[in-house]
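Residues per chain are reported as follows:
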Amino acid sequence: MSVHTLDRPPPRGHKPGRRSLTPLLAVTGAALVFTILLILVRLQWRPLESADHSAAARINDLIAGHPALVSVVKAVTSLDSDGVLWTIIVVSAVFLAFRRRWRLAGYLLVTGAGALVLDPILKSLVGRLRPVVAHPIAHGGGNSFPSGHSLGSIVCYGAVLLVFLPAARGRWRTVFIAVIVALVALIGISRILLGVHYLSDVLGGWTLGITWLGLTAFAFELTRRAAGQPVTDPLTEGLEPEARTDLDPVPSKPAQPETPMNRSSATRSRARVAAGIVVAWVLILGVVVGFGELVVKYSHDKWLGDTAVLRWFAAHRTPALNQWSNDVSVACATTGILIVAVAACVVFLAVTRHWRPVIFLAVVMFGELAAFLAAAAVVKRPRPGVHRLDHHLPTSAYPSGHVAAACCLYIAIAILVIGHAKGWWRWLFLVPAIVMPVAIALSRMYRGEHHPTDVLGSLIFTALWLTAATLLIKPNAEIPQRSPRPAGVRLRSLAGRAVSRAPDRAAAR
């Protein structure tokens, strides 16, 4: 039965299995608008700054002196507090788990976690101060761009809309959509009325939320295609139209398990892989930044010997070890890593004649670089308090970029070689995959540049990032598999060759 018959007949001209380009264009447009706003805010573009300050002052004058209106606005903005949003997400996920809709429950948790990661990281990277108005009504902590309430509301309530849309029928569907849209709009406007965000902050939160929500929804839709399920239009049918009965508060029949993925016939979609990589990278970055913030705030340089280990290394330095540590650091610096990575890409492209290994290496290394720069800028951990052998380093201590780059590069090369080669020698590539990360970790701590927990943060990122990239990209998937021929076939083939060569041997005599 077509998914359209679950609620209403398909509109005229609609072709099952085809999706409109409107959602894709909307998400792309939102991403473009957010990028432009991010650049203009970061550069403090004067026309935008002037318009934002003027609007903040005028709106503050309108609401100041009206206690009843202020109370209403504060009540609206409270609907987007962390407690309210996560209560909605967790309760909805538990409900979906009871109805055995595990993918939908996972979608809600992943989408909500992504918003939780993006908001503080971007605020820290942009560093825009909150508005200063003549009559302050509310106080907002942290930086201003983008608006966390605008981002969280559109992601949380939008995800709930996409998940539960199949259960809404007739007029209730229109009411459901209108309530969600109005709620998101009112929450964003309330942040401007309270004077804690500029207009561009709210627009940035909305556009970023649409981008993230669309990206995760697109990835979810393509997993359906990989599972052999029909393509849907999430904006009109919801993420899982087949789950309409299970999403009813009082179902007419017991919940049915979702269709299992047929891995043998699942088609790999490039767009699905790209969306999955972005989602995985954001979540992994959140784990790494969260661990770094935990270490900085609560460790006091005492976890895992952050102070004792470095002091021991500093007390046992020798000229020979100084030179060795410098050579290892140079080999795993940006230039050394880039040379090895480019050479590896050229070799794998020449040997395999496939782009997948090159794409795998490029994604792994660019993802590592972007995560390192973002985590270092957000956590801002000072360098260790011992005498350091290097000077004027541009970044903070956490995480160790040298360790993360060496781990990602040499382990990725080992994964490719072991997957593509057939001889015993392929296992020798495990040696640099183990030796180089250990050597660079020891050298960076020996030189007093990183704490042990900085190295641990890099190892956590490497383990998660390489696992996600390998599972999603499958860099060794294009290896031709030769099916062994039966022994009888091989013997007949050899006998045929001997017979065909017999006249040639006789003529040669």
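Here we summarise the structure given alongside this text.

**Overview of the overall build of the chain**
Argument step 1. Summing up its helical and strand segments, the chain has 19 helices and zero strands in all.
Argument step 2. Here the chain holds 509 residues, and the buried ones make up 46% of them.
Argument step 3. Long-range contacts, defined here as pairs at least 24 residues apart, represent 79% of the contacts in the chain between residues at least 6 apart.
Argument step 4. Summed over all atoms, the accessible surface of the chain reaches about 26,600 Å², with 69% contributed by carbon and sulfur.

**Thoughts on the pattern of salt bridges**
Argument step 1. Considering all chains together, one arrives at 10 salt bridges under this definition.
Argument step 2. The shortest N-O distance in the salt bridge between Arg128 and Asp52 comes to 2.7 Å. Here the residue Arg128 occupies a position in the loop between α5 (102–126) and α6 (148–164), and Asp52 occupies one in helix α2 (residues 46–63), the gap between them amounting to 76 residues. This pair shows no difference in class: Arg128 is buried, exactly as Asp52 is.
Argument step 3. A salt bridge links Asp390 to Arg444; its shortest N-O distance comes to 3.4 Å. One end of the pair, Asp390, is in the loop between α15 (356–379) and α16 (401–420); the other, Arg444, is in helix α17 (residues 430–446), and 54 residues separate them in sequence.
Argument step 4. Given a relative accessible area of 16%, Asp390 falls into the buried group.
Argument step 5. A residue is classified by how much of its surface remains accessible, and Arg444, at 3% relative accessible area, is buried.
Argument step 6. Taken together, the shared-partner salt bridges in this structure form one network comprising Glu49, Asp52, Arg128 and Asp201.

**Some thoughts on the packing of aromatic side chains**
Argument step 1. Under the defined criterion, the tally for this structure stands at eight aromatic pairs.
Argument step 2. Their ring planes at 75° and their centres at 5.5 Å tell us that Trp312 and Phe313 sit as a pair that is edge-to-face.
Argument step 3. Within the aromatic cluster, the residues linked to one another by ring pairs are Trp312, Phe313 and Tyr446.
Argument step 4. One cation-aromatic arrangement involves Arg317 over Tyr446; the distance from NZ or CZ to the ring centre is 5.9 Å.

**Some points on the environment of Phe372**
Argument step 1. Relative to the elements of secondary structure, Phe372 occurs in helix α15.
Argument step 2. In this structure the C-alpha to C-alpha distance between Phe372 and Thr395, which are 23 residues apart in sequence, comes to 9.7 Å.
Argument step 3. Beyond its immediate stretch of four places on either side in the chain, Phe372 contacts Thr395, Pro399 and Gly401.

**Some remarks on the nonpolar core**
Argument step 1. Ranked by internal contacts, the top residues of the largest apolar core, which has 101 residues, are Tyr107 and Leu361.
Argument step 2. For this core, the element with the most residues is helix α11 (residues 270–298), which contributes 12 residues.
Argument step 3. Leave out the neighbours within four places in its chain, and Leu361 touches Ala344, Cys345, Phe348, Leu409, Ala412, Ile413 and Leu416.
Argument step 4. Ile63, Val70, Val73 and Leu194 belong to the second largest nonpolar core, which has six residues in total.

**Digging into α17**
Argument step 1. Taking 1.5 Å per residue, 17 residues should reach 24 Å; α17 reaches 24 Å between its end C-alpha atoms and fits that length.
Argument step 2. On its buried face, α17 sits against α12 (308–315), α13 (319–331), α16 and α18 (452–473).
Argument step 3. Looking one or two residues beyond α17, the residue adopting positive phi is Gly448, at roughly 75°.

**A short note on the side chain of Ser299**
Argument step 1. Along the chain, Ser299 turns up in the loop between α11 and α12.
Argument step 2. Residue classification places Ser299 among the buried residues on the basis of a relative accessible area of 3%.
Argument step 3. At a separation of 2.4 Å, a polar atom in the side chain of Ser299 contacts the main-chain carbonyl oxygen of Val295.
Argument step 4. Sequence-distant contacts of Ser299, defined by excluding residues within four places in its chain, comprise Leu294, Asp306 and Arg381.

**Considering unusual backbone geometry**
Argument step 1. Omega for the peptide link from Phe145 to Pro146 comes to -5°, which places this bond in the cis form.
Argument step 2. If you trace the backbone, Pro146 turns up in the loop between α5 and α6.
Argument step 3. A positive phi is found at Arg100, a non-glycine position, where the angle reads about 65°.
Argument step 4. Within the secondary structure, Arg100 is located in the loop between α4 (82–98) and α5.

**Quick look at a nonpolar patch on the surface**
Argument step 1. On the surface, a cluster of nonpolar side chains totalling about 800 Å² of accessible area is made up of Leu321, Trp324, Trp427, Leu430, Val431, Ile434, Val435, Val438 and Leu442.
Argument step 2. For Leu430, the location among the structural elements is in helix α17.
Argument step 3. Classification of Leu430 as partly exposed rests on a relative accessible area of 36%.

**Description of the environment of Thr453**
Argument step 1. Note that Thr453 resides in helix α18.
Argument step 2. Counting along the chain gives 162 residues from Thr453 to Phe291, while the straight-line C-alpha distance between them is 9.3 Å.
Argument step 3. Residues contacting Thr453, with those up to four places away along its chain left out, are Phe291, Val295, Trp303, Leu304, Asp306, Arg381 and Tyr398.

**Side note on empty space enclosed by the protein**
Argument step 1. Using the criterion set out here, one finds one cavity of 30 Å³ or more in the structure.
Argument step 2. Considering only enclosed or pocket space, the largest cavity measures out at about 60 Å³ in volume.
Argument step 3. If you trace the largest cavity, you find it lined by Val288, Glu368, Ala371, Phe372, Pro399, Ala404, Gly457, Ser458 and Phe461.
Argument step 4. Looking at the lining of the largest cavity, the elements that each hand over two or more residues are α15 and α18.
Argument step 5. Considering only residue class, the lining of the largest cavity consists of six nonpolar, two polar and one charged.

So, how was this worked out
- Residues numbered from 1 in each chain as written.
- Predicted model: local features only at pLDDT ≥ 70, side-chain atom pairs only at ≥ 80, totals over all residues.
- Heavy atoms only, no water.
- Helix = DSSP H or I, 4+ residues; strand = E, 2+ residues; numbered from the N terminus.
- Buried < 20%, exposed > 50% of the residue type's maximum accessible area, 1.4 Å probe, protein only.
- Contact = heavy atoms within 4.5 Å.
- Areas by Shrake-Rupley, 256 points an atom, 1.4 Å probe, with all protein chains shown as cover.
- Salt bridge = Lys/Arg side-chain N within 4 Å of Asp/Glu carboxyl O.
- Phe/Tyr/Trp six-rings, centres within 6.5 Å; stacked < 30°, edge-to-face > 60°.
- Lys NZ or Arg CZ within 6 Å of the ring centre and 35° of its normal.
- Core = buried A, V, L, I, M, F, W, Y, C linked by side-chain atoms within 4.5 Å.
- Expected span 1.5 Å × (residues − 1).
- Polar contact = N/O pair within 3.5 Å; in protein donor to acceptor, adjacent residues only side chain to side chain.
- Patch = residues over 30% accessible without salt bridge, like charges linked within 9 Å, V, L, I, M, F, W, Y side chains within 5 Å.
- 1 Å grid on protein atoms, 1.4 Å probe; cavity = no way out; pocket = protein on both sides within 12 Å on 5 of 7 lines; lining within 4 Å.
- Points joined across faces, edges and corners; volume = space filled by probe spheres on them.
- Nonpolar A, V, L, I, M, F, W, Y, C, P; charged D, E, K, R; others polar.

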